[in-house]
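# Survey of secondary and tertiary structure
Single-letter residue listing:
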Amino acid sequence: MTPEELSAFIRTSLEQAIAAGEVNLDPADLPEVKVERPRSREHGDWATNVAMQLAKKAGTNPRALAEILAARIKQSDAISNVEIAGPGFMNIKLNAAAAGELARAIVEAGQAFGTSEALAGSTINLEYVSANPTGPIHVGGARWAAVGDSLARILTASGAQVVREYYFNDHGAQIDRFSKSLVARARGEEAPEDGYGGQYIADIAAEVIAGATADGQGDPTNLADDEAREVFRERGVNLMFDAIKEEMRDFRVEFDVYFHEDTLHESGAVDAAIGRLREAGVIFEQDGATWIRTTDYGDDKDRVIIKSDGDAAYFAGDIAYYLDKRNRGADNVIIMLGADHHGYIGRMYAMARAFGDTAGPGENLELLIGQLVSLVRDGEPVKMSKRAGTIVVLSDLMEAAGVDASRYSLVRAAMDSPLEIDLGVITSNTNENPVYYVQYAHARTCAVDRNAAEHGVTRDAFDPALLDSDADEELLATLAQYPVVVAQAAELREPHRVARYLEELAGKYHSWYGVSRVTPRGDDPVTALHQTRLWLNDAAGQVLENGLGLLGVSAPERM
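Let me sum up the structure you'll find in this document. Note that the structure is a prediction, hence the values are computed from the model and not measured.

## Let's talk about the pattern of salt bridges
Two side chains bearing opposite charge may form a pair once their charged atoms approach each other closely. Taken as a whole and assessed by the stated rule, the structure comprises 25 salt bridges. Between Asp149 and Arg153 there is a salt bridge, with its nearest N and O atoms 2.7 Å apart. In this pair, Asp149 and Arg153 both sit in helix H5 (residues 139-157), four residues apart, roughly one turn of the helix. Between Asp357 and Arg326 there is a salt bridge, and its shortest N-O distance comes to 2.9 Å. Here Arg326 lies in helix H11 (residues 314-327) and Asp357 lies in the loop between helix H12 (344-354) and strand S11 (365-369), a separation of 31 residues in the sequence. Its relative accessible area of 15% is what places Asp357 among the buried residues.

Have a look at this one:
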């Protein structure tokens, strides 16, 4: 019996108690019945507080309602016991056969196990990474790449239609500094004081010259400064875009939309968005500038959107971009921002509310703020990149640790906490390396499969009642948690929950493997117990594979 099946059974028992006049409730008022693992397995396999939720509406106390419900639940052959604890918690123990059925359910569901339709019908626009196109992705952006892509996979597994979006900030002063840096490097001059350095600038400058020469434009360094900067800007930005996209693909991160900030200004979208807000009565003029009255919607001060010199403020682009996403059909817009963007929250949420939308966790607009990443090796900080100069970039991390270890390490900690990655740990083939520990568990399930085939152990027989050892029960109980973990990760936007769960599952599997034989000894015959344990082995392998897939990490069959 899966948690979903138990939840549905408890709800049916409630409906039956209502129909029999034992409980004074309207069936339409019944919530989704949630079941969860009790803190101590001694209390049972599952627990629910549904009696405490409904007692007041039913005009009774929680224990009395729990006793009525327990009497009905106990009638199921799948339930071995129901105990009422405290003010009305219900602790439920499944019999071995009911618990063991989960192994077959997982194997038969395959990659679909853990997916749901909880978010079906919703379109979520998820924007992440969105680094300025002026240099390679640094390790902070790499964290967003891993977390964002994993979150997109988790939301998709929960039934949502997810649009993965990358916002190219190709409008403004940083692009001017980038083009000036390219021209300076191409001419052998010092980079501007506020410009960009690193080997990648020299590489791109050389590519611009080669491309312009090949196209018959000649060497752009011979042009006047303004003309040269325009050539290096256009070609250099495109080359940087291409390099970023390739790097993301190498990191197993794909986007559905690459949105260019510049198009908002060229298309009139900024003016249209301001016009929409003007109609709503939240725009005013002051000191020669145009403002939005965000203080009416929770911001700490009003914001300039058109400066006194007539240029659009950066916030004007944010306004137009958000409206564009909503107009493209996004029910929820999730934007992942770096640690230096805390000041954006108030103004962005106020802007959404000014459009008549909701803002906050799970609303039309949701902002996720991430924290910094640092790398260490042998206890010493890694601070410099051969390619980028003063920062460590994604390509450095991938070169040192590989894609699997890099992605897993970046996603396994809560995104709102600073993260330190020890390159010595994540490149080691030891149990101290979390990704190795999890991947090895999956590889071990595959090795058991191969060994079983050599000994003639198949899945032709399955007797779930035989899965009654402590190790069987521990592994089954952990496997049963997977759909709950995925649902929580989607609801709370926390992919790290999947990684931490996989580590727990790997530990339970390794312990189970140490005491449970799937193949017979010597010339002993193959029994139903061997075959049934093969089902459980394969169920563990399937869940490990599914969970690693949500994190964009491979599930190797051999290690």
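## Quick notes on helix H17 (residues 482-492)
Those residues of H17 not exposed but buried are Tyr482, Pro483, Val484, Val485, Val486, Ala489 and Ala490. Contacts made by the buried residues of H17 are with helix H1 (3-19), H5, helix H16 (470-480), helix H18 (496-515) and helix H19 (528-550). Of the residues flanking the end of H17, it is Arg493, one or two places downstream, whose phi is positive at about 60°.

## As for the sheet that holds strand S3 (residues 89-94)
Taken in spatial order, the three strands of this open sheet run S1-S3-S2, and their pairing is antiparallel. The open sheet has two free edges, formed respectively by strand S1 (46-48) and strand S2 (79-85), since each of these has just one partner strand. In this sheet, adjacent strand axes meet at a mean angle of 20° when their direction is disregarded. Contacting S1, S2 and S3, H1 runs over the sheet at an angle of about 40° to S1.

## Describing the environment of Val485
Examined against the element boundaries, Val485 turns out to sit in helix H17. Using a relative accessible area of 10% as the deciding quantity, one classes Val485 as buried. The spatial distance from the C-alpha of Val485 to the C-alpha of Arg497 is 6.6 Å, given a sequence separation of twelve residues.

## Things to note about the nonpolar core
If you look at the biggest cluster of nonpolar residues, it comprises 137 residues, and the most contacted ones within it are Ile10, Phe178, Met248, Phe251, Leu410 and Leu479. Per-element accounting of this core gives the leading share, eleven residues, to H5. The contact partners of Phe251, leaving out residues within four places of it in the chain, are Ala142, Ala145, Ala146, Leu394, Met398, Val403, Ser406, Arg407 and Leu410. The next biggest cluster of nonpolar side chains, apart from the first, holds 33 residues, and it includes Ile274, Ile305, Ile319 and Ala354.

## Here we look at unusual backbone geometry
Positive phi, close to 65°, is recorded for Arg252, a residue that is not glycine. With respect to the helices, strands and loops of the structure, Arg252 is situated in the loop between helix H8 (225-250) and strand S6 (257-260). The class for Arg252 is partly exposed, based on a relative accessible area of 34%. One non-glycine residue, Asp378, lies in positive phi territory at about 55°. Tracing the backbone through its elements, the reader meets Asp378 in the loop between strand S12 (373-377) and strand S13 (380-382).

## Structural notes on the layout of surface pockets
Taking a probe equal in size to a water molecule and rolling it over the atoms shows the remaining empty space. Volume-wise, the largest pocket comes out at about 1,300 Å³. Around the largest pocket, the lining comprises 43 residues; the ones closest to its centre are Lys34, Val35, Val484, Ala487 and Gln488. When residues of the lining of the largest pocket are traced back to their parent elements, those giving at least two are H1, S1, S3, H17 and H18. The biggest single contributor to the lining of the largest pocket is H17, with eight residues. Looking at the lining of the largest pocket, its residues break down into 19 nonpolar, twelve polar and twelve charged. Counting residues domain by domain, the lining of the largest pocket receives three or more from each of domain 1 (3-94) and domain 3 (431-551). Considering the residues around the second largest pocket, the lining is formed by 42 residues, among which Ser130, Ala131, Asn132, His138 and His341 are closest to the centre. For the lining of the second largest pocket, the secondary-structure elements that each account for two or more residues are H5, H11, strand S10 (332-337) and H12.

So, how was this worked out
- Just so you know, the residues in each chain are numbered from 1, in the order the chain's sequence is written.
- Whole-chain, interface and lining totals are the exception, using all residues; otherwise, since this is a predicted model, local features are given only for residues with pLDDT of at least 70 and side-chain atom pairs are given and counted only at 80 or more.
- With hydrogens and water stripped out, all remaining heavy atoms of the structure feed into the side-chain values.
- Salt bridges are defined by distance alone: a side-chain nitrogen of Lys or Arg within 4 Å of a carboxyl oxygen of Asp or Glu.
- Secondary structure is summarised from DSSP: a helix means a run of H or I of at least four residues, a strand means a run of E of at least two, and numbering begins at the N terminus for each.
- Only protein chains enter the accessibility calculation, which uses a 1.4 Å probe; a residue is then buried when its area is under 20% of its type maximum, exposed when over 50%, and partly exposed in between.
- It only takes one pair of heavy atoms within 4.5 Å for two residues to be counted as in contact.
- Pairing between two strands is assigned when DSSP locates at least 2 bridges connecting them.
- To get an axis, a line is fitted to the C-alpha atoms, and for a helix only the part in contact is used. The angle between two axes follows their N-to-C directions and goes from 0 to 180 degrees.
- Among the buried residues, those of types Ala, Val, Leu, Ile, Met, Phe, Trp, Tyr and Cys that are joined through side-chain atoms within 4.5 Å form a nonpolar core.
- Only protein atoms enter the calculation, which uses a 1 Å grid: trapped sets of points that fit a 1.4 Å probe without letting it out are cavities, open sets showing protein on both sides within 12 Å along at least five of seven lines are pockets, and any residue with an atom within 4 Å of a point is a lining residue.
- Grid points are joined across faces, edges and corners, and a volume is the space filled by probe spheres set on the points.
- Note on residue classes: Ala, Val, Leu, Ile, Met, Phe, Trp, Tyr, Cys and Pro are nonpolar, Asp, Glu, Lys and Arg are charged, and everything else, Gly too, is polar.
- Annotation comment: domain bounds sourced from an automatic or database domain assignment.

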